[in-house]
Amino acid sequence: MVGLSVGEKHFIQGGIAQDLRSDGRKRLTYRPIYVETGVIPQAHGSARIRLGATDVIASVKAELGKPSALQPDKGKIAIYVDCSPTAAPMFEGRGGEELSTELSVALQRCLLGSGIDPSSLVIVEGKVCWDLYIDGLVISSDGNLLDALGAAIKAALSNTGIPKVNVASETSGDEQPEVNISDEEFLQFDTSGIPVIVTLTKVGRHYIVDATSEEESQISSAISISINRKGHICGLTKRGGAGLDPSIILDMISVAKHVSEQLINKLDSEIAAAEANEEES
Amino acid sequence: MAAKPGSAPTTYSPSLTQKTRPPIFKGNDLDWVRPDGRGFHQCRPAFFRTGAVNSASGSAYAEFGNTKVIVSVFGPRESKKAMMYSDIGRLNCNVSYTTFATPVRGQGSDHKEFSSMLHKALEGAIMLETFPKTTVDVFALVLESGGSDLPVVISCASLALADAGIMMYDLVAAVSVSCLGKNLVIDPILEEESYQDGSLMLTCMPSRYEVTQLIFTGEWSTPDINEAMQLCLDACGKLGKVMRSCLKEATSASQE
């Protein structure tokens, strides 16, 4: 974490008040997003997203498992985030655990609520289902990790090919049915319903989107909102300690909706371009 | 009955309840009554008592229906030497579940993120600059989990901090709302939480009308968000009054 002098703090806050941030962006502009898919051959789906100096990788692995007794017609999805020490030396060992847990929980809340449909993962109801493990890795951190991870997971899921499974003939009772995993055919996920996460940081009296780590050190409070294509809120977390007036929160929600439309379109076109690139190479 | 020497003690475990639980409400059934007979917008009666733990600087016990929580506050204490000098105080929060708190033993370890959520909810309300170089520890123990655990923990923790004499801008009251189909249900119990489509937890400082923590899960449309937030803010205002009266009772009791 950089230590900022009082002069630098005033500079950042003053610039934001005048709609001109340190790197020349406006308050509601994202840094350029670079997407690469298929970066991890061992995984069923993967993507790498670069947002300025923030670099994250998401990978999706599917394994056969048994659905839980309470929900026999749904598969299971788990999201874990790991902050690697390459991002910051304080992440070594257990140092990054708090941040990892916070990011994992926030992503689970935003993406699992209504983004992915677990009933599409079931193979034989009550006996066999796919367990989806989504892992995020933070390689380099320059602010706005949550948005980058959310976008990386969306890209990784659109890159994911779940192998087709042939179930052997009818088995009765408690026997485990035999399943053949085909190497050839794959099923793709429909990712148009997956939400994106927009983090709005309040500095002074204005909101900025996509804060760098310098700007993040100045936050009084931030709200991370996950919005899907239809404009519905799929999850919201308030971060930062200071209290916020409820009317400001509602205002931030409407600003986030406006920003998310552009972000979803930009992200979808980048993902499509990345997939096209991957197929050529 | 005396056990015969050398025989292993027999254990009894109840058989798993029916595998498919019928939903407690069907579709858009507007006549549905909540399992404990409350209205949709009615909270459970709140019971607070401060001074539950004698050896702590401050403590509080809260009981909302079946959710029972006890919180102790220690401090301000000297920060560990390994920590860097800081000219504002530090807050350290820990939320743990007893193993018998949940219907299935040991399920409380699923809630590791509650400690950091409690920290975020409280740090906006405490005047950290009044105890530099020291740490205040808040330890919360959930004795029985009956739904809506984290809001009860947060409210109880702010009472414990007040009991310990830590300077705060305002008490922190927390309430959660569950979305079940088209209905908004306030202060859900464990059963209602397992069927919810979405939930909202709001923590606010009632007198200052400021929200310190806000968490949504599930899909919400904007009018629902407005309605739910308004419900929560009203409920937090009433909860704040209950908490204040509990503190006044405690001080008047000690003066007698």
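Residues numbered from 1 in each chain as written. Chains lettered and ligands numbered in written order. Predicted model: local features only at pLDDT ≥ 70, side-chain atom pairs only at ≥ 80, totals over all residues. Heavy atoms only, no water.

For chain B, the name recorded in an unreviewed UniProt entry is 3'-5'-exoribonuclease family protein isoform 1, with Theobroma cacao as its organism. A UniProt comment under Sequence similarities (unreviewed entry) is attached to chain B, and it reads "Belongs to the RNase PH family." (UniProt positions renumbered as here; feature names shortened; annotations may be inferred.)

Within an unreviewed UniProt entry, the label attached to chain A reads Ribosomal RNA-processing protein 42, and the organism entered is Theobroma cacao. Regarding chain A, the UniProt comment filed under Sequence similarities (unreviewed entry) reads as follows: "Belongs to the RNase PH family."

Participant: Could you give me a rundown of the sheet that holds strand E2 (residues 58-64) of chain B, with the residues and numbers involved?
Facilitator: Residue and element names in this part refer to chain B. Within the open sheet, the 5 strands sit side by side as E1-E2-E3-E5-E4. Their pairing is mixed. Strands with a single pairing partner mark the edges of an open sheet, and in this sheet they are strand E1 (46-50) and strand E4 (90-97). Averaged over all pairs of adjacent strands, the angle between strand axes in this sheet comes to 15°, irrespective of strand direction. In terms of strand pairing, E2 meets strand E3 (residues 67-78) through 7 bridges, oriented antiparallel. Paired with Ser59 across the two strands is Ser72, which belongs to E3. Strand contacts of helix H1 (residues 114-123): E4 and strand E5 (134-144), with the helix running at about 140° to E4, the strand carrying the most contacts. (Pairing = 2+ DSSP bridges. Helix = DSSP H or I, 4+ residues; strand = E, 2+ residues; numbered from the N terminus. Axes fitted to C-alpha atoms, helices over the stretch in contact; angles between N-to-C directions. Contact = heavy atoms within 4.5 Å.)

Participant: Give a description of the interface of chain B and chain A that names residues and reports values.
Facilitator: Counting from both sides, the interface comprises 25 residues of chain B and, opposite them, 27 residues of chain A. Both faces combined, the contact of chain B with chain A buries some 2300 Å², and carbon together with sulfur accounts for 60% of it. Counting every contact that joins chain B to chain A gives 2 salt bridges. Between Glu102 of chain A and Lys120 of chain B there is a salt bridge, with its nearest N and O atoms 3.6 Å apart. The interface formed by chain B and chain A holds 8 residue pairs in polar contact (both at pLDDT 80 or more) in total. (Buried area = accessible area lost by both parts, 1.4 Å probe. Salt bridge = Lys/Arg side-chain N within 4 Å of Asp/Glu carboxyl O. Polar contact = N/O pair within 3.5 Å; in protein donor to acceptor, adjacent residues only side chain to side chain.)

Participant: Help me get a handle on the UniProt feature "domain: Exoribonuclease phosphorolytic" (unreviewed entry) in chain A, residues and values and all.
Facilitator: UniProt records the feature "domain: Exoribonuclease phosphorolytic" (unreviewed entry) for residues 30-163 and 193-257 of chain A in the present numbering. The straight-line gap between the two end C-alpha atoms of residues 193-257 of chain A is 15 Å; of that span, 25% is helix and 40% is strand.

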